[in-house]
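For reference, the chains in residue letters:
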Amino acid sequence: ARARECFARGLPLIDRVPDLVKLDIDLFVRGGIAILDRIEAVDYNVWKQRPVLSKWDQMRLLARCVVGQSWRKLTGGQGRVSFQRSDGRLKRAG
């Protein structure tokens, strides 16, 4: 839960860094959250099964980040998706 909260707190920082690194930070944060989801899916037993993202998952994350960056540029940063904690997991707010 603590790692999720740290990643969630990092999302708003994306709009505060130079454009050159926005995509990298967005991918890092969303990729971290995706890996945490995988760790939870294997009931936290990472010794039995390594949590990995498939190539499809990676491409979906990249596309989502690129589209999100483009959308924020078009809307002046008003299109940020926020997350809130619900039952120990991050969920989209609104």
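Scroll up to find the structure.
Here the structure is a predicted model, which means the values were calculated and not measured.

Below, the discussion takes up unusual backbone geometry. With phi around 55°, Asp 43 is a residue other than glycine that occupies positive phi space. In this fold, Asp 43 is placed in the loop between helix H2 (19-41) and helix H3 (55-75). In the Ramachandran plot, Tyr 44 falls in the positive-phi region, its phi being about 65° despite a non-glycine side chain. Relative to the helices and strands, Tyr 44 resides in the loop between H2 and H3. The exposed category is assigned to Tyr 44, whose relative accessible area is 54%.

Moving on, we come to the environment of Glu 5. Summarising the element assignment, Glu 5 is placed in helix H1 (residues 2-10). Taking the relative accessible area as the measure of exposure, Glu 5 reaches 34% and is therefore partly exposed. For the pair Glu 5 and Ile 33, spaced 28 residues apart in sequence, the C-alpha to C-alpha distance is 9.6 Å.

Here the structure, examined in full by the defined rule, presents six salt bridges. Here Lys 22 ties to Asp 19 by a salt bridge, and the two come within 3.3 Å at their closest N and O atoms. One end of the pair, Lys 22, and the other, Asp 19, are both in helix H2, three residues apart, so they sit about a helical turn from each other. With its nearest N and O atoms 2.3 Å apart, the salt bridge here joins Asp 57 to Arg 38. Of this pair, Asp 57 sits in helix H3 while Arg 38 sits in helix H2, and the two are 19 residues apart along the sequence.

Conventions we followed
Residues numbered from 1 in each chain as written. Predicted model: local features only at pLDDT ≥ 70, side-chain atom pairs only at ≥ 80, totals over all residues. Heavy atoms only, no water. Helix = DSSP H or I, 4+ residues; strand = E, 2+ residues; numbered from the N terminus. Buried < 20%, exposed > 50% of the residue type's maximum accessible area, 1.4 Å probe, protein only. Salt bridge = Lys/Arg side-chain N within 4 Å of Asp/Glu carboxyl O.

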